Amino acid sequence: MPSPMETSHAHPTTSRSVVLRAFNKPLALEELDIAAVGPGEVLVKVGYGGVCGTDAHLWSGRLDIPTPVVLGHEGLGTVERIGSGGLRDANGDTLEVGDTVMWASSISCGSCVPCRMHEEPTLCERRTTYGVNIPVSDAPGPSGSWSERMLLRAGTSVVKVPAGVDPLSAMSLACAGPTMAHALYGRRAVRLGETVVVQGSGPVGLAAAAMAQLAGASRVIVVGGPRARLAVAGRLGIGDHHLDIIDGLDATAALAEVRALTGGYGADLVIECAGAPSAVPQGIAMARRGGSYLVVGQYTDRGDIDINPHQLVHRQLSLFGSWGFTGAHLVAYVNLLPALSERFDLKSLVTEFPMTDCEEALRQVGTGSVLKAVLRP
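If you're wondering where the values come from, they're calculated on a predicted model, not measured in any experiment.

A. Quick peek at a nonpolar patch on the surface. Together, Leu123, Tyr299 and Trp323 line one region of the surface with nonpolar side chains, adding up to about 280 Å² of accessible area. With respect to the helices and strands, the residue Trp323 is situated in the loop between strand S16 (318-321) and helix H11 (327-343). The partly exposed category is assigned to Trp323, whose relative accessible area is 35%.

Structure below.
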C-alpha cells in the first residue's frame, strides 16, 4: 500500500518540462504527468539541469534518438519522494527526503555481453540514458533534468552531494567530471610526476587538467581556446601552461611549444578533449616516444582524418579510447568534489539560465560563449 508521502495531494502531479519533438525546431515547454513513485525509485525536485555540448548535438539531429524526449542528462536536485521500502545512495547512506543528490545519466542492463562478460557497462547494448533515449511515452517519467521534477528509475546510481559543496560547483563538471573519472580511472591513469597535455579547454578539458593536477602530474599543458577560456583556466590555476591554438598558434607552432616545454621529448600523456577530428593527429605528435594518447572528446562522428600509422609504431605509442561513464564514475567525481572545489573556483565556470531560455543556453554552449550553462527550472 503506498505511503501517505506518495499519495498526498500536497505534491504536484505534473511537471513543466522541456520537450524535444523535432530536430532543429523550437523546443516545447509542456506540462507532463508525474508517475507514481515505485519501489527503488526516487522523485527529485530539480535544482539545476546541466546543458552539455551533447544536448546541442541532440537538438540539431546529429545523434539518432527517439522523440519526443525530455532533454537533460545531468542534474542536481532535492529528494522529494522515495518509493516503498526506502533506498540507500551509492555510498551506502540512507536516502531521506530533503537530501541534495546527483544521479548517473544512464542505467546499464547488466545482462548483455559487454556488461556480463567484458565488464564494460559503458558499452552496454541496452543502455538507457536520461534526456537522450527515453521517450516521453516510456513511463515512468519525466525522464530528463530539464524539468521541474524528474523520476529516477530503479537501478539509477544516486549519490548525496557532500555537505559544504556548493551546488553550482558540483554542476560545473556534472558530465565532464564523471567522464574524466572513467577515462583516468578505468582507461589510462595519470602517473606521479608525468607531464600531461590536454587538448581542449571546454568543461571536459578543464576537468581533465584539474584531475591530472590532483593526481600528481608535475606539469599540465592546456592546448585550446578561445583566448577567454584559457584566461579563465589560468585565473583558476587549472593547468600550468596555456597555448591558444584557435586565435594564436597554428598546429606546427603549438607542437613546437609543447616540445620546448617538455625538453624536446613531448608529453608522457596527451588527453584529447577537443572533439575536433583534426586534434587527433596533432595529439599523437605531441606525445613522447613510449607515451600514451587518451581520446575522450570524439563523442559524435564528425568524419575521418588521416594519420600516419608509422608514428604509432616508431614512437611505440599506447592509444586509449574512453566512452561515457557509469554510476561508479559519478560517485568518484562527487566524492572528489570537496578537494576539487577547495583548490579550484568551480562555481565561477557556471552561467545560469532560466529554463524558459533553454534555446539561448544551447546557442551559447554551441558558440562557446559560456563555459558551462545550467538551467533553473
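B. Expanded view of the sheet that holds strand S1 (residues 14-20). If you walk across this open sheet you meet the 3 strands as S2-S1-S4, and the pairing is antiparallel. Edge positions in the open sheet fall to strand S2 (28-33) and strand S4 (69-70), since each of these has one partner strand only. Across 6 bridges, S1 lies against S2 in antiparallel orientation. The residue of S2 that forms the bridge with Ser17 is Glu30.

C. A look at the pattern of salt bridges. By the definition in use, this model includes 12 salt bridges. The partner of Glu352 in a salt bridge is Arg376, and the shortest N-O contact between them spans 3.1 Å. Note that Glu352 is positioned in strand S17 (residues 350-354) and Arg376 in strand S18 (residues 372-376), a separation of 24 residues in sequence. Take Glu352: its relative accessible area is 34%, and that puts it in the partly exposed class. You can call Arg376 partly exposed: its relative accessible area is 33%.

D. The arrangement of the nonpolar core in detail. Counting residues in hydrophobic clusters, the biggest one holds 53 residues, and the most contacted among them are Met102, Met180, Val196 and Ile271. Of all the secondary-structure elements, those providing two or more residues to this core are helix H4 (167-172), helix H5 (176-187), strand S11 (195-199), helix H6 (203-214), strand S12 (219-224), helix H7 (227-236), strand S14 (267-272) and H11. At 7 residues, the largest contribution of residues to this core is made by H6. Beyond its immediate chain neighbours, meaning those up to four positions away, Met102 contacts Gly75, Leu76, Ser157, Val158, Val159, Val161, Ala170, Met171, Ala174, Leu330, Tyr333 and Val334. Within the second largest apolar cluster, 21 residues are counted, among which are Ala56, Trp59, Val132 and Ala361.

E. Structural context of the sheet that holds S16. The strand order across the open sheet formed by 6 strands is S13-S12-S11-S14-S15-S16, and the pairing between neighbours is parallel. Across the chains shown, the open sheet's two edge strands, defined by having one partner strand only, are strand S13 (241-244) and S16. Averaged over all adjacent pairs, the angle separating strand axes in this sheet is 15°, with direction ignored. Examined bridge by bridge, S11 and S14 share 4 bridges and lie parallel to one another. Within the sheet, the bridge partner assigned to Val196 lies in S14 and is Leu269. Sheet strands touched by H5: S14, strand S15 (287-295) and S16. Its angle to S15, the strand with the most contacts, is close to 135°.

F. Examining the packing of aromatic side chains more closely. Scanning all chains against the criterion turns up 1 aromatic pair. Note on Tyr299 and Trp323: the rings are 4.4 Å apart at their centroids and 10° apart in plane angle, and the pair reads as stacked. Residue Tyr299 is found in the loop between S15 and helix H10 (309-314), and its partner Trp323 is found in the loop between S16 and H11; the two are separated by 24 residues along the sequence. According to the relative accessible area criterion, Tyr299 is partly exposed, its value standing at 34%.

G. Focus on unusual backbone geometry. Residue Thr67 is joined to Pro68 through a cis peptide bond whose omega torsion reads 0°. Mapped onto the secondary structure, Pro68 falls in the loop between helix H2 (53-60) and S4. With omega at 0°, the peptide bond leading from Gly141 into Pro142 counts as cis. Residues other than glycine seldom take positive phi values, yet Glu119 does so here, at roughly 55°. Within the secondary structure, Glu119 sits in the loop between helix H3 (113-116) and strand S8 (128-129). By relative accessible area, which is 65% here, Glu119 ends up exposed. Non-glycine residue Gln316 carries a positive phi angle of around 50°.

Thresholds, definitions, all that
Residues numbered from 1 in each chain as written. Predicted model: local features only at pLDDT ≥ 70, side-chain atom pairs only at ≥ 80, totals over all residues. Heavy atoms only, no water. Patch = residues over 30% accessible without salt bridge, like charges linked within 9 Å, V, L, I, M, F, W, Y side chains within 5 Å. Areas by Shrake-Rupley, 256 points an atom, 1.4 Å probe, with all protein chains shown as cover. Salt bridge = Lys/Arg side-chain N within 4 Å of Asp/Glu carboxyl O. Helix = DSSP H or I, 4+ residues; strand = E, 2+ residues; numbered from the N terminus. Buried < 20%, exposed > 50% of the residue type's maximum accessible area, 1.4 Å probe, protein only. Pairing = 2+ DSSP bridges. Core = buried A, V, L, I, M, F, W, Y, C linked by side-chain atoms within 4.5 Å. Contact = heavy atoms within 4.5 Å. Axes fitted to C-alpha atoms, helices over the stretch in contact; angles between N-to-C directions. Phe/Tyr/Trp six-rings, centres within 6.5 Å; stacked < 30°, edge-to-face > 60°.

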